[in-house]
Structure formats: structure tokens, C-alpha cells
There are 2 protein chains.
Amino acid sequence: MSRVTQKSIATKLGLSPSLVSRALAGRAGDIGVLPETIARIEQTARDMGYVPSAAATQLKGTGDPVLGIAAADMEDPFFGNVLAEIIRCSHEHHYALTLTGFERRNVDQRDVDVLLKQDLAALIVVGSGPMGWIEPVIRRHIPIIRIGSGPAPDAVAQYEPDEEQGFRELLEHLSTLGHRRAGFIGADLDVHRNRQSMVSRILENDRNGFRLDRIVLAHASGIEAGREGARRMMDDGDVPGAVICSSDAVAFGVMKTFAEAGLDVPGRVSVTGFDDLPMAGVYSPALTTLRQPINDMARVAVEMAGKLRTFRTRVRMPVKLMVRESTGPAPKEA
Amino acid sequence: MSRVTQKSIATKLGLSPSLVSRALAGRAGDIGVLPETIARIEQTARDMGYVPSAAATQLKGTGDPVLGIAAADMEDPFFGNVLAEIIRCSHEHHYALTLTGFERRNVDQRDVDVLLKQDLAALIVVGSGPMGWIEPVIRRHIPIIRIGSGPAPDAVAQYEPDEEQGFRELLEHLSTLGHRRAGFIGADLDVHRNRQSMVSRILENDRNGFRLDRIVLAHASGIEAGREGARRMMDDGDVPGAVICSSDAVAFGVMKTFAEAGLDVPGRVSVTGFDDLPMAGVYSPALTTLRQPINDMARVAVEMAGKLRTFRTRVRMPVKLMVRESTGPAPKEA
DNA sequence: TTGAAAGCGTTACCAG
DNA sequence: CTGGTAACGCTTTCAA
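Here is a short report on the structure shown in this document.

Parameters at a glance
- Residues numbered from 1 in each chain as written.
- Chains lettered and ligands numbered in written order.
- Predicted model: local features only at pLDDT ≥ 70, side-chain atom pairs only at ≥ 80, totals over all residues.
- Heavy atoms only, no water.
- Helix = DSSP H or I, 4+ residues; strand = E, 2+ residues; numbered from the N terminus.
- Buried < 20%, exposed > 50% of the residue type's maximum accessible area, 1.4 Å probe, protein only.
- Areas by Shrake-Rupley, 256 points an atom, 1.4 Å probe, with all protein chains shown as cover.
- Lys, Arg positive; Asp, Glu negative; His and termini not counted.
- Charge placed at Lys NZ, Arg CZ, Asp CG, Glu CD.
- Pairing = 2+ DSSP bridges.
- Axes fitted to C-alpha atoms, helices over the stretch in contact; angles between N-to-C directions.
- Contact = heavy atoms within 4.5 Å.
- Salt bridge = Lys/Arg side-chain N within 4 Å of Asp/Glu carboxyl O.
- Core = buried A, V, L, I, M, F, W, Y, C linked by side-chain atoms within 4.5 Å.
- Least-squares fit on C-alpha atoms with pLDDT ≥ 70 in both.
- Buried area = accessible area lost by both parts, 1.4 Å probe.
- Polar contact = N/O pair within 3.5 Å; in protein donor to acceptor, adjacent residues only side chain to side chain.
- Parallel < 35°, antiparallel > 145°, perpendicular 65-115°, else oblique.
- Left-handed = near helix turned anticlockwise from the far one by under 90°.
- Nonpolar A, V, L, I, M, F, W, Y, C, P; charged D, E, K, R; others polar.

Observations regarding the overall build of chain A
And step 1. When you go through chain A residue by residue, the secondary structure sums to 12 helices and 12 strands.
And step 2. Per-residue burial over chain A gives 53% buried out of 334 residues.
And step 3. As displayed, chain A has an accessible area near 14700 Å², and 50% of this comes from carbon and sulfur atoms.
And step 4. In chain A, 40 positive and 42 negative side-chain charges are present, and the distance between their average locations comes to 5 Å.

Thoughts on the sheet that holds strand β6 (residues 181–187) of chain B
Think of a sheet as strands paired side by side through backbone hydrogen bonds, with each pair either parallel or antiparallel.
Residue and element names in this part refer to chain B.
And step 1. Strand order in the open sheet formed by four strands is β7-β6-β8-β9, and the pairing between neighbours is parallel. The open sheet has two edge strands with one neighbour each: β7 (211–218) and β9 (270–272). Across the sheet, the mean angle from the axis of one strand to that of its neighbour is 20°, orientation sign disregarded.
And step 2. Note that strand β8 (residues 242–245) and β9 share three bridges and pair parallel. What sits directly across from A242, in β9, is S270.
And step 3. Strand contacts of helix α10 (residues 222–235): β6, β7 and β8, with the helix running at about 125° to β7, the strand carrying the most contacts.
And step 4. On top of the sheet, helix α11 (residues 248–260) reaches β6, β8 and β9; it is set at about 160° to β9, its chief contact.

Quick notes on the pattern of salt bridges
Residue and element names in this part refer to chain B.
And step 1. As enumerated under the stated definition, the model contains 46 salt bridges over all chains in all.
And step 2. Of the charged contacts, one joins R168 and E164 as a salt bridge, the two residues approaching to 2.7 Å between their closest N and O atoms. Of the two residues, R168 and E164 are both situated in helix α8 (residues 163–176); the distance of four residues between them amounts to about one turn of the helix.
And step 3. Look at R168 and you get partly exposed, because its relative accessible area is 42%.
And step 4. Its salt-bridge partner being R181, residue D238 comes within 3.0 Å of it at the nearest N-O pair. Highlighted residues: D238 in the loop between α10 and β8 and R181 in strand β6, separated in sequence by 57 residues.

Here's the deal with the nonpolar core
And step 1. The biggest cluster of nonpolar side chains holds 58 residues, and the ones touching the most others in it are I86(A), I124(A), I86(B) and I124(B).
And step 2. Setting aside residues up to four positions removed in sequence, I124(B) forms contacts with L67(B), G68(B), I69(B), A70(B), I86(B), I145(B), I147(B), A301(B) and V302(B).
And step 3. If you look at the next biggest cluster of nonpolar residues, it comprises 55 residues, including I185(A), A280(A), A249(B) and A251(B).

Some points on the relation of the copies chain A and chain B
And step 1. By a simple turn and slide, chain A fits onto chain B: the slide is 0.0 Å along the axis, the RMSD is 0.1 Å, and the turn is 180°. In short, the pair behaves as if placed about a two-fold rotation axis. Across chain A, the smallest distance between a C-alpha and the rotation axis is recorded for G80(A), namely 2.0 Å.
And step 2. Both copies present the same face, since 100% of the interface residues in chain A are matched by interface residues at the equivalent positions in chain B.

A closer look at the interface of chain A and chain B
And step 1. Across the boundary between the two partners, chain A contributes 56 residues, which contact 56 residues of chain B.
And step 2. Note on chain A versus chain B: buried area summed over both sides is about 4400 Å², and carbon and sulfur give 62% of it.
And step 3. Together, L99(A), K117(A) and V282(A) form the three largest contributors to the area buried by chain A at its contact with chain B, with a combined 14%.
And step 4. Taken together, the links from chain A to chain B amount to eight salt bridges.
And step 5. With a shortest N-O distance of 3.1 Å, D119(B) and R3(A) are connected by a salt bridge.
And step 6. Seen at the junction of chain A and chain B, the total is 22 residue pairs in polar contact (both at pLDDT 80 or more).

Examining the sheet that holds strand β8 (residues 242–245) of chain A
Residues and elements named next belong to chain A.
And step 1. The strand order β7-β6-β8-β9 describes an open sheet built from four strands, whose pairing is parallel. The open sheet terminates on both sides in strands that have one partner only, identified here as β7 (211–218) and β9 (270–272). Across the sheet, the axes of successive neighbouring strands diverge by a mean angle of 20°, strand direction being ignored.
And step 2. With seven bridges joining them, strand β6 (residues 181–187) and β7 adopt parallel strand pairing. Residue pairing in the sheet places I185 in a bridge with V216 of β7.

Here's the deal with the packing of helix α5 (residues 78–92) of chain A against helix α12 (residues 294–307) of chain A
Residue and element names in this part refer to chain A.
And step 1. Contact geometry for α5 and α12: axes closest at 9 Å, N-to-C directions at 40°. Comparing their axes, α12 and α5 come out oblique. Seen from above, α5 lies across α12 with right-handed handedness. Facing F78, N81, V82, E85, I86, C89 and S90 of α5, the residues of α12 in contact are I294, N295, M297, A298, R299 and V302.
And step 2. Counted by class, the contact of α5 with α12 contains eight nonpolar, three polar and two charged residues.

Here it is as C-alpha cells:
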């Protein structure tokens, strides 16, 4: 019951392995092999359940190109959606997929080797964690595409949401509603800190005097970060009329905690998110948020994987403001 | 800039490839190679950035075992979480991972071949879709582990939530609250239909006269199924005091739609889910639901992958009733 | 203490 | 029209 190989087919038919190879590769008609022979070979291959060995074709250099996926941020609800789209696209493009994950732990040489062992056609990094470990991959001139934001070496082609554009629209929306003062709640992560300083920077030149003066970065992450942040804001007795959250998950935690404390959203305080998870539209109140073009980013990433040759790119993909129920007019007395 | 191989190291050092192989495999001290030579080899290997070729070791039969992951249900929010845990565990157990996805489309021979090409140590199927395509994998005596519910061939080791136990507890909870009549909302999928008939079956012998008499299976799926189901129930003007949903996602859609129509949850109608997604605890009202032991299922799946030899198993993992805010006493006039 | 050679499954070139 | 042979990168047995 061992593996069915071209050799075993050849032996059974009393032919040579090379002939079998050519027939099965469709490279036989070109040369002038008897159609009858070809048919016989194909038939027995089917009968015996022949499937070519990935290891062998890989070695030979004729196998399907392999796409490496490095999951850098599996906790993010985001992750599942991105991965799903990557799988779909890779299927269309006939890529084989290998997968590794890093999470928050230190990435050591062994983790990277798992990827390097394969002859990667390209590497897609999903998530916004630190990129220090990528160096050896760059040295091998493997095209690297990253879906996520944050600093990355030049050799990395990065597809990220255009956070600046998004936050500009968001702030204008709040401004129009009469808000002049907002708070910010996020987790103590690079991505979130960056979003916060992005918002601060935009507001620096604001002529209407809109300012961001309550900033809380929680130790927890995701929903819990939201709960912690909201609690800390309330403890200080200083909850501004609008709270900008660094992700939808954080916003959900914030809204829940406010609700438990009897703070009405959006009556007393407006809350915004970032991501537009499927849940955002269905929460009560439905969350006003910025939609990350997840599917678009995943799709271009896979498409680029084929075309790329270690070129620097940094594409900001448009982010869309989704105005829903969690934002409303600024409360009278701020 | 081509690949660094043992041969290239050997050439550089004026040694033979076999010696390099032994040194790098740690099989050199045993035989009596000069420690000095070993050190030299190891050093240059590091310098040149040597990483063994997965294809070659695979061919030789000495490579890391490969675990195949078939994602059968990528839409499920569930999917990301399961995958994250699988990645974590595989890392510990030194598995290489290959990934394919099916979704709802028909699975053809080519899809299965992608998996069969690799010399899979085992295959983990994530999701509850149809298993018709698995036959050729079984014939190759590859251990198959499935995380998800629904019918599967004998050769598949299945880890699934103990739905019966869970729903029994859930129904008792509702019964205690005074409910005697419930509705059911799900998507038109096997998993959901099964959950519905499970609930109906349990209720058949109920001495308190608890019955399930409004069943809606929506064409949409996930959140949208919930919205559609709730709408249909309201259109019929017959919303029972409790609505059991076949998943958390469905429940969220249901609650939102009820909220929009002014139906108070849990005052007018109690709503329950299944999954216990991170969001469940933070929705308003927080969702009473059944917790799937996602991490446990993923972990045992990976652990079994090593030990299994095509044995039939069907393990029901305990499900935990999470009582929160979305269920309350039955309304006066039902 | 080290090297040569065969073989894992495929493919491609060169003979026949 | 078809077969032999070498090579991809690595391990292992046997010989030196």
C-alpha cells in the first residue's frame, strides 16, 4: 500500500518511467508517442490513483509555486477574514500554501527556517506586528508582501489601509456633529499607538479647535482593552463627548462598559471604531467605523505575489467611513 | 545567489557532502569525526545561511511530518479561532502545515489532489460541510481528524461539541424561567438543521409540555440569516417568548432586528445562541449561549494527528451553558 | 576519520 | 516512437 509512483505505473505496463512522465505531463503528443500508449498510461494512472509527489516536483523545480503565509496577529478577528480570502485567491492562482504563526512571542531563527525550508515563491505576512525577523527572508530575495500597517523594511511591499484619509473623514464627521473634544482608547500596541498619534497629528492644525485630550492605552487587548479603557476614563470622571477607538473590538468593549454604567451611546458619548467587522453593523447601537478593505488587500497581495521581484511598494488602500448609530450630536455641556 | 546546499558547503570546505550531512544532523560525534571539522562545518553553514530543503528531506522521508488543513467553512467566525489554535499547537509538535479551502463550492478531484500530493501525516478538516470528497484520502489510509459536527465516514476521527448535552441544559434553563414555547432560527445548512431537530427531539419527551413550534430556516447565512429569520417571524405576527438560534452570529442578527422593531430582549423575548464568540459577552444585551470548546477541540485534533492510525472515534466535547443577559422570565401572555 | 554511491519521485536531454 | 541517464538536495550504507 505504498505510494503510487510513475515508476510503479511503468513497471506494471512494462514501459519506461520517462515515457510515463511525458504522457502524464501531456508532453507526449508533441513528440509522437502512440496515442494508444498514452491512453493506456493515463488509464492505469487513474486506476491506480496516481497523484504526483509534491516533494519530487518541488525538488525538480517544476512544482506548483509555494506561497508562505506568516500569521503575525492571530488574535485579531480580522485574521480569519483575511486568511479566508487568501485561500480563495491562492486556489485560483494555483499556489500551494504553507502556514506559520508567530503571535506575540519572540520570533527566533527556527520559526523563520520553517518558511525558508520551502522554496517560497513569495511570503505574505498577515498582521501588524514587528518585522525584525524578516531580514533573512529579504536576503534570499524572496518577494514579501504584507497586509497590515506599521513600519517595515524597504524590501517589503505593503498593503495597508489609508488611516490618515480615514481618520480625516471620521474627524470631519464628528466635527460636523458639533464635537470639539474627543478621547482615544486603544491597546498598548504599535498599531494602536500609531493610530492615536495619527489622529493627534491631524488635529494639530484643526482650525475649529477640535482637540484630542484624553488618551488611554490599555494593557489588555481587543475587547478587554476597551473595557479597561472605558473604566479608566470613567474613574477619572472625565469622559469626553466622543471616544475614538483604535479597533472595532475595542469599541465594543467600550460601548458595553459605558452601557453598564448608564452612559448613553450616542446620547451622552459618541463612539467610533476601526475595521468594520461583520458585527459592527449589528451591534446595538450599530457602530460608526472605518472599513478596512480586507478582501481587496488580500486579493492584491496574492496577485502581487506572482508579479513581484522584491520591489518596494507601499500602497494605502482607501478606507471607507461607515456612519451608523454610535455617533450623534455633541452633548450640550461638554 | 542560488540556494545554499550541503554540497555547496562541502565544496567550499573541500569536504564531501556526506560529511557535511552527518555533521549538520548531529550524527557525526557518534562516528568519530574530528570535533574541529564539525565546528568548521557548522560555522560555515551558519555563515552561508544554510537551511535544509524541505522538498529534499520530504523526498528522503526524513522531513518534518506535514499536516494538511482543509478549511471547509471559512465564513464561520469560528474558523479564525480554530485555525489560530491549530497553528499554535502544530508549532509545538513540529508539524509543517499545508492549507486548502473549499467553502460552499463543489469539491472536485483537483482540490483533493492538492492535499494528496503532499505526503500527509494527517489531515485536519475544519468545519461542518459535506464530507463526500474525503473518500480518496481514506483510501490512502491517512488519518483524518475533523473539528465540527455532522455525519462523517467511519474512518474519520471527529471532535464535536456535545450538542445534545448543551441544548438539554439550555432548555432546562429556559424552562426554569417559565418558558413553555420556543421558536428556532437558523440558516438552511445541515449543521443548523441538525441542531433544530436535536432540540425538537429533546423536547418530544418533555413532561412540562415545552414545545418548539416556530421553526425558521433562512436562505442567508450568519448574521443575515438571523435578520431574515427574525423578520419572517415578526411578519407572521407570531414571535414566541423564546427564540433559540443555531449560532451566535444568527442570534446577533435576530437581536438587532428585534431591537429595531422595538421588541425588548429579554423582556418580550429571550434569545440564545451557540458558539460563545468573544462578542457574545459584550453585546447588549450580553448573549446567553452555549460555549464550544474550540481550543480544546483544536488541541486534541493536533495531538491525535500524531497518534492516530485511521481509527474511528467520535468524541463529543462538553459544551458549557453561559447564562447572560439575553434570557429572562417568560412574558406573561405568551 | 572520511568519501563514494545509491536512492527517494520527477523531468529532460540525448540516444536508439 | 521509446528508453537510458543524469540531476534536483539529502541521507545512509558500505568501503577506504
